[in-house]
Amino acid sequence: MAVLIAGSAVRTCLGSGAETFEGLLRGACGVSPLRYGDPEKLNVAYGYHTGLADEPFRAGRLLAECLKEAVAQSGVDTATQRVAVLVGTGLRELSAVERLALTGETVPADRLDFADVVAGALPGVTDVTTVVNACSAGGHVLALAQDLLELGECDAVVVAAADAMTRSMLAMVGRVAEEPTERVRPFDRDRTGVLLGEGAAVLVVVPETWDGPALGKVTATGLSCDAYHATAPDIEGIARAMSDAYTRAGRIPSDVDVVVAHATGTALNDPVECDALRKVVLGGGGNPLVTAVKGATGHTSGSAALVNVDVALRIFATGEVPAVTGLSEPLDEATGLRLVIGEAVAARPELVQVNAFGFGGVNAVTLLERA
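Residues numbered from 1 in each chain as written. Predicted model: local features only at pLDDT ≥ 70, side-chain atom pairs only at ≥ 80, totals over all residues. Heavy atoms only, no water.

## Focus: the nonpolar core
Counting residues in each nonpolar core, the largest one holds 56 residues, and the members touching the most others are Val159, Leu203 and Val205. The contact partners of Val205, leaving out residues within four places of it in the chain, are Val3, Leu4, Ile5, Leu142, Ala145, Leu149, Ala156, Val157 and Val159. Counting residues in each nonpolar core, the second largest holds 31 residues, with Leu4, Ala9, Val125 and Ala160 among its members. (Core = buried A, V, L, I, M, F, W, Y, C linked by side-chain atoms within 4.5 Å. Buried < 20%, exposed > 50% of the residue type's maximum accessible area, 1.4 Å probe, protein only. Contact = heavy atoms within 4.5 Å.)

## Here's the deal with helix α7 (residues 167–175)
Every buried residue of α7 is listed here: Met169, Leu170, Val173 and Gly174. For α7, the angular spread of the buried residues around the axis is 140°, confining them to a single face. For α7, the secondary structure elements touched by its buried residues are α2 (39–42). (Helix = DSSP H or I, 4+ residues; strand = E, 2+ residues; numbered from the N terminus. Arc of directions from axis to C-beta.)

## Details of the state of the cysteines
Going through the model one piece at a time under the given rule, you end up with zero disulfides. Summary of cysteine pairing: Cys13 is not part of a disulfide, and the nearest cysteine sulfur, belonging to Cys29, is at 7.6 Å. (Disulfide = S-S within 2.5 Å.)

## Details of the layout of surface pockets
In this structure, the largest pocket encloses a volume near 630 Å³. In this structure, the largest pocket is lined by 30 residues; those nearest its centre are Val194, Thr231, Thr264, Thr266 and Phe359. When contributions to the lining of the largest pocket are tallied by element, the ones reaching two or more residues are α7 and β15 (351–358). No other element matches the four residues that α7 contributes to the lining of the largest pocket. Partitioning the lining of the largest pocket into residue classes produces 14 nonpolar, 14 polar and two charged. If you go around the second largest pocket, the residues you meet are Met1, Ala143, Leu144, Gln146, Asp147, Glu150, Thr219, Ala220, Thr221, Leu223 and Arg248. Counting residues per element, the lining of the second largest pocket draws most heavily on helix α6 (residues 137–150), at five residues. (1 Å grid on protein atoms, 1.4 Å probe; cavity = no way out; pocket = protein on both sides within 12 Å on 5 of 7 lines; lining within 4 Å. Points joined across faces, edges and corners; volume = space filled by probe spheres on them. Nonpolar A, V, L, I, M, F, W, Y, C, P; charged D, E, K, R; others polar.)

## Examining the pattern of salt bridges
Close approach of charged atoms lets side chains of opposite charge pair. Within the structure shown, the criterion is met by 17 salt bridges. In this structure, the salt-bridge partner of Arg11 is Glu65, at a minimum N-O distance of 2.8 Å. In this pair, Arg11 sits in strand β1 (residues 3–12) while Glu65 sits in helix α3 (residues 58–74), placing the two residues 54 residues apart along the sequence. Of the residues examined, Arg11 reaches a relative accessible area of 16% and is grouped as buried. The exposure class assigned to Glu65 is partly exposed, which follows from its relative accessible area of 36%. Residues Arg185 and Asp188 are paired through a salt bridge, measuring 3.5 Å at the closest nitrogen-oxygen approach. Assessed through its relative accessible area of 0%, Asp188 is described here as buried. Salt bridges here are not isolated pairs; linked through shared partners, they connect Glu208, Lys217, Arg251, Asp255 and Glu369. (Salt bridge = Lys/Arg side-chain N within 4 Å of Asp/Glu carboxyl O.)

## With respect to the packing of aromatic side chains
Under the criterion given, the structure shown has zero aromatic pairs. We note Arg58 situated over the ring of Tyr36; from NZ or CZ to the ring centre the distance is 4.2 Å. Seen from the ring of Phe57, Arg111 lies directly overhead, with NZ or CZ sitting 3.6 Å from the centre. (Phe/Tyr/Trp six-rings, centres within 6.5 Å; stacked < 30°, edge-to-face > 60°. Lys NZ or Arg CZ within 6 Å of the ring centre and 35° of its normal.)

## Section: helix α9 (residues 269–282)
Between the first and last C-alpha of α9 there are 18 Å, a value that for 14 residues agrees with the 20 Å anticipated at 1.5 Å per step. α9 sits mainly inside the fold: ten of its 14 residues count as buried. Where α9 is buried, its residues touch α8 (235–249), β10 (258–261), β11 (289–292) and β15. (Expected span 1.5 Å × (residues − 1).)

## Comments concerning the environment of Arg191
Relative to the elements of secondary structure, Arg191 occurs in the loop between α7 and β8 (199–207). Here Arg191 falls in the buried class, since its relative accessible area comes to 18%. Expressed as a C-alpha distance, the spacing of Arg191 and Val204, which sit 13 residues apart in the sequence, is 35 Å. Beyond its immediate stretch of four places on either side in the chain, Arg191 contacts Arg185, Gly265, Thr266, Ala267, Asp270, Pro271 and Leu331. At 2.9 Å, the side chain of Arg191 forms a polar contact with the backbone oxygen of Thr266. Among the polar contacts made by the side chain of Arg191, one reaches the main-chain carbonyl oxygen of Ala267 at a distance of 3.4 Å. (Polar contact = N/O pair within 3.5 Å; in protein donor to acceptor, adjacent residues only side chain to side chain.)

## Observations regarding the side chain of Ser303
Relative to the assigned elements, Ser303 resides in the loop between α10 (294–297) and α11 (304–318). Accessibility expressed as a relative area gives 0% for Ser303, which makes it buried. At 2.9 Å, the side chain of Ser303 forms a polar contact with the backbone oxygen of Thr300. With sequence-adjacent residues up to four places away left out, Ser303 is seen in contact with Ala161, Ala162, Asp163, Gly199, Ala200 and Ala201.

Take a look at the structure:
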């Protein structure tokens, strides 16, 4: 059963959802010198930061802003309706645990997930689940929300995701780069690696019987867990998630008008994602426009999938597909793909595919229709 999106809110280094999309349209890049940790020790000199200071529980603060905005936009009443909240994340509040290790400052265990944040932002909501599922976490909680609504378990589901930078994750990023990366360049042949961004995103999803305005329709999310490698992507696992989405939605690859790609700007992800798109989408008769977000916002970890969904909704609303920030010379594996380069492209898509892939081979592919 398809579900509708009644509200959406985002926070990235570029600002709100509207500000982020406007930045994408003008090719803005939100990278700045790293604010956390020692760049020399981390081998990371840049990041895509929000305006918050170096303090614990940053992810929760970003999440709270988005929860209030999205629910207010939707018109859902959390005090009188059956509302569940699902929060996807890659790191939860890991920065607070790092602070404990470095300073000995006590960290209440119940603040390491987001139940308290939800309770403060949405009075009356008691059904809160935090799902830790790497960089596709937002896509996974969106799939779970659709199941809950189809089973009649609730009247609406608040689908949320949030992550902030942590020193341990920065150290891991630095270990896979010979020299510090200056910016994320998705699908570019001269890309040098990924950089972290901070972000949060929230959708309010409701049944198709919803009588209020809707921003878009979620037809299906396809999932796979290939467990091919701890960090390296696998084309077969990604292809399986794509095929699962088409099957669940009753659609075929040639129906897809636009793809909002995962596109991390890394040596491994970009070629594999291109190969998967060529194999499954182009091989199935499709020829969609392909765009990506992380060149402008950095990799927002667990919130990346829902940030991409918000971008897809704004493509529906505006009829503009933003170019891939940081892309000038596509890599060879992108041959045949209609990457949006340089300037936004006018389009009126009816079906948009959103890709999200995580460490360990946890993949989520969402298909969205115009409302």
